[in-house]
Amino acid sequence: MKDDDFAKGSVKPPEEVIQLDAGEEVPVLSPAERKELQRSSKGKGKGRKGGGKGSKKGKGKGKGEPQAKPDEGLVARVAKYARPTKGTPEELKVKHDRKRKGQAKLNQRLDREAAFRAAKAEVLQTAEPGLIETEEAEDTTRLTQKDILDSAGVGVARKYFSFDLPYGPYNCSLTRNGAHLLVGGRKGHVAFMHLDSMKIFTELHVKETVRAVQTLHNENLFAVAQKKYTYIYDNQGTELHCIKQQRFPALLDFLPYHFLLVSSGERSEICWRDITHGTQVAEHRTHLGATTCMRQNPKNAVMHLGHNQGLVTLWTPSVKEPVVKISCHNSKVTALAVHGNYMVTAGAEAKWKVWDLRTYNMLHCYGRKYGHAVNSIDVSMTGMVAMSCGGFLDVFKDVFSTARPSKPYIKEQYRGLQIESLRFRPFEDVCCVGHSGGFSSLIVPGAGKANFDSFEANPFETKKQRQEREVQSLLDKLQPDSIMLDPDRIGEINQEVAKAYNQKGKEEEEKEAEEAKKATKKMRGKNKVGNRMKRKALKKGAEQRQKTKDRLAQGGGEDDDDDDDEDDDDEDEDAAGEAAGEGTRLERQPAPPGVGAALSRFYGKRRRKT
């Protein structure tokens, strides 16, 4: 088909598709360089006369061929999305298993392709997180929420709210996409609302103490830890379940990829419950008293628990003991939060510290400032740390990337109130604050992630998209055994197990070969083939005779008259032997009637005295 055959407005199909590997560099040429490259390519090839070394027959290069400019940030972006591996398929030592080796190669190639596509798709992510821009002499800590709202646009100003309610202090919990907020007052008030439209889905009074609230996989279900049991409600406020296996729960959390509701409380226990079928997956005793705080690590779904002894323990459902135990403070741990490879903890001695979970060493330590212990900590998607001390709230920036921030990024004071909980809203520059006088929001520029993955969490999802995502997440549900400290081990080959398996197979093969080995023919000696076979036959016959005698001795020997006759002969011989031992001489006894002529020669034997 020629170009003239295409109708006006139609699209010509691509003639060639070029695929690049993750390690290759993408050339970027200007129009002038592209023309120069086309001009120089005419003098390159066999039998062409042109400038440079290609003037004679053979291969040659033309003059002035421009060098391709690589994309400097491509390799760095690919490394950001690449999955860490501990070796290539050639280093995995799976030479004897071609299928397993091929599968490992395929998995690594798919991982590289996925990382490369994600890096190339960053071109479409045009949004960037914003920060407060001030003059050199101006300090951001002096800015109040009124100053920020006056400088921000209308869309940001709509995200600010404040509710004054007498049922506090309030605990806050948000859905994964950040579109819905769940609050629970200590005096029994529970409310569930949409943050963009400020529409209240449900509001109820449970008429008993509310210790904690937690949203589940979407906005249709949420859990409330009340005075004695944990209850599950829908978005209309209808009670669906009452979990009575664990009493007096005080802390709740939810693992979205495993569909596990985690609870802990005053009885020094931690429980994992699968909400898809309602069964309890695991329950472990901490033996460290009541749990003071609990948060999950989103990277590996390991639960971090704080205790009165100043310890932080890490728990998984498959291990009955804490996988890691860290001594963080001299007094009880009042709050903690986890962000990637870092953990932030606060103690009753009014100090908060930053820990590296790769080495379990302390990075920073901040001392007393307000004369009050930190009672709540949260970390945003961009790594900002918010903490509350009584009625003061501080937000720190670049805590994990710089040496040690000297001052906060934003400060706010709630006069006459006690802050109970802090939660950053995903994908938004908003922090939800629950305090003794109700709950409100705090505008924190740069706290939210600018770009989101709609397949992971979509803040603007419709009802149909929510239903499809729920079904897909159930199909992709992970097993509780996959929770471990190093999730990168999943899918890799355990060298010790593979070595033991190969060694066992080798030993079995050697044993089978030894058994199947044919005997060599020898001409002399007792180890000749005939003699060995004869000894084996004699041994086998002796064993069979012994088994027959044992069976007859147990009462099952009336089948053969010959065996009975032999037993009688033995008794006569014994009697004769005893009489001979006494010095008497026995005369020949006639054979009893019924004995054949073949056996009559055995009767009446005479024994001589020795």
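Above: the structure in question.
Computed from a prediction, not measured in an experiment: that's the story for all the values here.

Undergrad: Explain a nonpolar patch on the surface here, please?
TA: A contiguous nonpolar surface patch, about 180 Å² in accessible area, is contributed by Val319, Val323 and Leu485. Positionally, Val319 belongs in the loop between strand S16 (311-315) and strand S17 (324-327).

Undergrad: Any chance you could explain the environment of Cys432 here in plain terms?
TA: Along the polypeptide, Cys432 turns up in strand S27 (residues 430-435). Along the chain, Cys432 and Leu174 lie 258 residues apart, while their C-alpha atoms are 8.9 Å from each other. Other than its neighbours up to four places away in sequence, Cys432 contacts Phe161, Leu174, Leu181, Ser421, Leu422, Arg423, Ser440 and Ser441.

Undergrad: Help me understand the pattern of salt bridges in this model?
TA: Where charged atoms of side chains with opposite charge meet at close range, the side chains can pair. Evaluation of the coordinates by the stated rule reveals 16 salt bridges. Where Glu428 meets Lys159, a salt bridge forms, and the shortest distance between an N and an O atom there is 2.2 Å. Taken as a pair, Glu428 in the loop between strand S26 (419-424) and S27 and Lys159 in the loop between helix H5 (154-157) and strand S1 (162-164) lie far apart in primary sequence, 269 residues in all. Looking at Glu428, the relative accessible area reads 16%, which means it is buried. You can call Lys159 partly exposed: its relative accessible area is 24%. One continuous salt-bridge network, built from bridges that share partners, spans Arg109, Glu113 and Arg117.

Undergrad: What exactly am I supposed to notice about the packing of aromatic side chains here?
TA: The geometry of two aromatic rings is summed up by the distance between their centres and the angle between their planes. In this structure the tally under the stated criterion is 16 aromatic pairs. Taken together, the aromatic side chains of Phe192, Phe201, Phe222, Tyr231 and Tyr233 make up a single cluster linked through ring pairs. Directly above the ring of Tyr257 sits Arg176, whose terminal nitrogen or CZ lies 5.1 Å from the centroid. A cation sits over an aromatic face here: Arg404 above Tyr366, 4.2 Å from the ring centre.

Undergrad: Teacher, can you tell me more about the side chain of Asp274 here?
TA: By the secondary structure assignment, Asp274 is in strand S12 (residues 269-274). A polar contact is formed between the side chain of Asp274 and the side chain of Thr276, at a distance of 2.5 Å. A distance of 2.5 Å separates polar atoms of two side chains, one belonging to Asp274 and the other to Lys477. When sequence neighbours within four positions are dropped, the list of residues in contact with Asp274 reads Phe259, Leu260, Thr279, Val281 and Lys477.

Undergrad: How do you make sense of unusual backbone geometry when you look at a structure like this?
TA: Negative phi values dominate among residues other than glycine, just as trans dominates among peptide bonds. For the peptide bond that leads from Gly168 to Pro169, omega is 0°, which places it in the cis range. Looking at the element boundaries, Pro169 is found in the loop between S1 and strand S2 (170-174). A positive phi angle, close to 55°, is found at Phe248, a residue other than glycine. Here Phe248 lies in the loop between strand S9 (239-243) and strand S10 (249-255).

Undergrad: What is the right way to read a negative patch on the surface from this model?
TA: Taken together, the side chains of Glu507, Glu508, Glu509, Glu510, Glu512, Glu514 and Glu515 present a region of like negative charge at the surface. Looking at where Glu514 falls in the secondary structure, it is placed in helix H7 (residues 495-515). You can call Glu514 exposed: its relative accessible area is 56%.

Undergrad: I'm lost on the pairing of strand S23 (residues 385-389) in this one. Help?
TA: The side chains of a regular strand alternate, residue by residue, between the two faces of the sheet. With respect to burial, S23 is a largely interior element, five of its five residues being buried. Neither face of S23 is open: one carries Val385, Met387 and Cys389, the other Ala386 and Ser388, and all of them are buried. The pairing of strand S22 (residues 376-379) with S23 spans four bridges and is classified as antiparallel. Bridged to Ile377 within S23 is Met387.

What counts, and where the lines are drawn
- Residues numbered from 1 in each chain as written.
- Predicted model: local features only at pLDDT ≥ 70, side-chain atom pairs only at ≥ 80, totals over all residues.
- Heavy atoms only, no water.
- Patch = residues over 30% accessible without salt bridge, like charges linked within 9 Å, V, L, I, M, F, W, Y side chains within 5 Å.
- Areas by Shrake-Rupley, 256 points an atom, 1.4 Å probe, with all protein chains shown as cover.
- Salt bridge = Lys/Arg side-chain N within 4 Å of Asp/Glu carboxyl O.
- Helix = DSSP H or I, 4+ residues; strand = E, 2+ residues; numbered from the N terminus.
- Contact = heavy atoms within 4.5 Å.
- Buried < 20%, exposed > 50% of the residue type's maximum accessible area, 1.4 Å probe, protein only.
- Phe/Tyr/Trp six-rings, centres within 6.5 Å; stacked < 30°, edge-to-face > 60°.
- Lys NZ or Arg CZ within 6 Å of the ring centre and 35° of its normal.
- Polar contact = N/O pair within 3.5 Å; in protein donor to acceptor, adjacent residues only side chain to side chain.
- Lys, Arg positive; Asp, Glu negative; His and termini not counted.
- Charge placed at Lys NZ, Arg CZ, Asp CG, Glu CD.
- Pairing = 2+ DSSP bridges.

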